[in-house]
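Single-letter residue listing:
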Amino acid sequence: MREIQINGTKIRPGQAVNIEIPIAKLPTHTLIDLPIFIRSSKEPGPVVLVSGGVHGDEINGIVTARRVLEELDHGLELLKGTVIIMPLVNIYGFLSNSRTFPDGRDLNRSFPGSKKGSLAGRIAYIINEEIIPNIDYGIDFHTGGRMLTNQPQIRVDFADKKAVELANAFGTHFVVNSKMIDKSFRKAAFKARKHILVFEGGESMRIDELSTDEGVAGTKRLLHYLGMISESTEKKETVILKQSDWVRARASGIFNSSVKLGDQVKKGQVLARISDPYGQVKIPVKAPSNGYIIGINNLPVINVGEALIHLGKD
């Protein structure tokens, strides 16, 4: 079994270790640490990262990662390998109910980071130097934006065949082709020949039980597939979505959707209507193709060009 060492701390087989890596101080001089929880079996096996809160306002992902940790600490036996859990990566964003850092930087666009860079760059550097080299695979939990709900889905670059295999093992209903973005956590890991799945579900600043339950169940299915636990849950029928596009508003007004997350729709079907505040104008929003509804904008008042409905195509 290869040795795992994080920030100078060696993790031996069978150990449960909690590490806090100092990052920086708030303007109040309160020290901010990055908590990392490592749960290791006595038997050698894969090392899997479970992370949440890369965006500080995505509470659902934080709760999902925490629930996985709680299950490992309260009865879920790890047969082999190691699970590294980082429930809250962007502590600064969490404290301010913000997606980004105080200077507006997005951690998921800051990799590989810098030891002497911005706050986002420093945390990206810690993950790039201390976490990525130790793992084989990972699941990074995210949500939609504010007033934007995502149906539970795994996003993976279909060019990464190993990640596609892992996405199928995760077993949530939708697997969406999503190209890697420069300076993202997922691309930084891929450059190191590691494979990260991105889970999307729910909306920022809200806890969505459906997405949380599905995130935990999918993590168990993946760990079971890797032979790390014996417990598993029933795998859902997987729909592979090779492409996804946003249907955008052709006019400003009051947006009223007539479809729900997960619905299968046909080309030309009316998905929603946009009206003026006085009921004089009603503009239908139609599906440009067959597909599945994987994201919906919950804002009732929208402007022309805004993204309304995320349509995945198989």
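Asker: Before we go on, may I ask you to explain the packing of aromatic side chains in this structure?
Answerer: Each aromatic ring pair is summarised here by two numbers: the centre-to-centre distance and the angle between the ring planes. What the rule picks out here adds up to five aromatic pairs. Each ring, one from Phe 111 and one from Phe 185, has its centre 5.4 Å from the other, and the planes form 15 degrees; the classification is stacked. With Phe 111 in the loop between α2 (91–95) and α3 (119–131) and Phe 185 in helix α5 (residues 185–191), the pair connects residues that are 74 residues apart, well separated along the chain. For Phe 111, a relative accessible area of 4% translates into the label buried.

Asker: Explain unusual backbone geometry here, please?
Answerer: Where the residue is not glycine, phi is negative for most of them; where a peptide bond is considered, it is trans in most cases. Cis peptide bonds are those with omega within 30 degrees of zero, and the linkage from Phe 111 to Pro 112 qualifies with 5 degrees. A positive phi angle, close to 60 degrees, is found at Met 147, a residue other than glycine. Its place among the elements puts Met 147 in the loop between β7 (137–144) and β8 (148–156). Within the chain, Met 205 stands out as a residue other than glycine whose phi angle is a positive 65 degrees. In this structure, Met 205 sits in the loop between β10 (195–203) and α6 (209–225). What makes Met 205 partly exposed here is its relative accessible area of 33%.

Asker: Which parts of the structure should I look at to understand helix α4 (residues 161–170)?
Answerer: What sets the pattern is the α-helix's 3.6 residues per turn: residues three or four places apart point alike. Residues of α4 that are buried: Ala 163, Val 164, Leu 166, Ala 167, Ala 169 and Phe 170. Of the surrounding secondary structure, the elements contacted by the buried residues of α4 are β7, β8, β9 (174–177), β10 and α6.

Asker: Mind showing me how you'd approach the nonpolar core here?
Answerer: Generally speaking, nonpolar side chains in soluble globular proteins are found buried as a group. Within the largest apolar cluster, 39 residues are counted, with the highest numbers of intra-cluster contacts made by Ile 6, Ile 36 and Ile 127. Per-element accounting of this core gives the leading share, six residues, to α3. Residue contacts for Ile 36: discarding those within four places in its chain leaves Ile 6, Val 17, Asn 18, Ile 19, Ile 21, Ile 84, Ile 85, Met 86 and Ile 131. Counting 32 residues, the second largest nonpolar core, distinct from the first, contains Phe 37, Val 50, Ile 85 and Ala 167.

Asker: Looking at this structure, how should I read the sheet that holds strand β16 (residues 282–286)?
Answerer: Whether parallel or antiparallel, the strands of a sheet pair through hydrogen bonds between backbone atoms. The strand order across the open sheet formed by four strands is β16-β15-β13-β18, and the pairing between neighbours is antiparallel. Two strands lie at the open edges of the sheet, namely β16 and β18 (301–302), each paired on one side alone. Here strand β13 (residues 253–257) runs beside strand β15 (residues 270–275); their pairing, made up of four bridges, is antiparallel. Following the sheet pairing, Asn 256 is matched in β15 by Arg 273.

Asker: Explain the side chain of Ser 178 here, please?
Answerer: By secondary structure assignment, the location of Ser 178 is in the loop between β9 and α5. A relative accessible area of 18% places Ser 178 in the buried class. Among all residues touching Ser 178, those that are not within four sequence positions of it are Arg 155, Val 156, Asp 157 and Arg 186.

Asker: What is the right way to read the pairing of strand β19 (residues 307–313) from this model?
Answerer: Look at any regular strand and the pattern is simple: side chains alternate between the two faces of the sheet. The element β19 is extensively covered by neighbouring structure, given that six of its seven residues are classed as buried. Relative to β19, strand β12 (residues 243–248) runs antiparallel, the two sharing six bridges. In the sheet register, Gln 243 faces β19, and the bridge partner there is Lys 313. The pairing of strand β17 (residues 291–297) with β19 spans four bridges and is classified as antiparallel. Bridge pairing in β19 places Gly 295 opposite His 310.

Asker: Explain the pairing of β17 here, please?
Answerer: For β17, the tally of buried residues reaches seven of seven residues, placing the bulk of the element in the interior. Both β8 and β17 contribute to a ladder of three bridges, which runs antiparallel. Among the inter-strand pairings, Asn 150 is bridged to a residue of β17, identified as Gly 295. As defined by bridge partners, strand β14 (residues 264–265) adjoins β17 across two bridges and the pair is classed as antiparallel. If you follow Gln 264 over to β17, its bridge partner there is Tyr 292.

Asker: I keep staring at the pattern of salt bridges and nothing clicks. Help me out?
Answerer: Proximity of charged atoms lets side chains of opposite charge pair with each other. All chains considered together, the criterion is met by 17 salt bridges. Arg 146 is the salt-bridge partner of Asp 57, the closest N and O atoms lying 3.5 Å from each other. With Asp 57 in the loop between β5 (47–52) and α1 (59–73) and Arg 146 in the loop between β7 and β8, this pair connects stretches of sequence that are 89 residues apart. Of the residues examined, Asp 57 reaches a relative accessible area of 6% and is grouped as buried.

Rules of the game
- Each chain carries its own residue numbering, running from 1 in the direction its sequence is written.
- A pLDDT threshold of at least 70 governs which residues receive local features in this predicted model, and a stricter bar of 80 or more applies before side-chain atom pairs are shown or counted, although totals over entire chains, interfaces and linings include all residues.
- To obtain the side-chain values, all non-hydrogen atoms of the structure were included, while hydrogens and water were left out.
- Note on aromatic contacts: the rings of Phe and Tyr and the six-membered ring of Trp form a pair at centre separations within 6.5 Å, being stacked when their planes are under 30 degrees apart, edge-to-face when over 60 apart, and tilted otherwise.
- We count a stretch as a helix when DSSP gives it H or I for four or more residues in a row; a strand needs E for two or more, and each element gets its number in order from the N terminus.
- Buried means the residue's accessible area, taken with a 1.4 Å probe over protein chains only, is under 20% of the maximum for its type, while exposed means over 50%, and partly exposed covers the values in between.
- We call two residues in contact whenever any of their non-hydrogen atoms come within 4.5 Å of each other.
- By nonpolar core we mean a set of buried residues, namely Ala, Val, Leu, Ile, Met, Phe, Trp, Tyr and Cys, connected to one another through side-chain atoms within 4.5 Å.
- Paired strands are those between which DSSP finds at least two bridges.
- Within this document, salt bridges are pairs made up of a side-chain nitrogen of Lys or Arg and a carboxyl oxygen of Asp or Glu, the two lying within 4 Å of each other.

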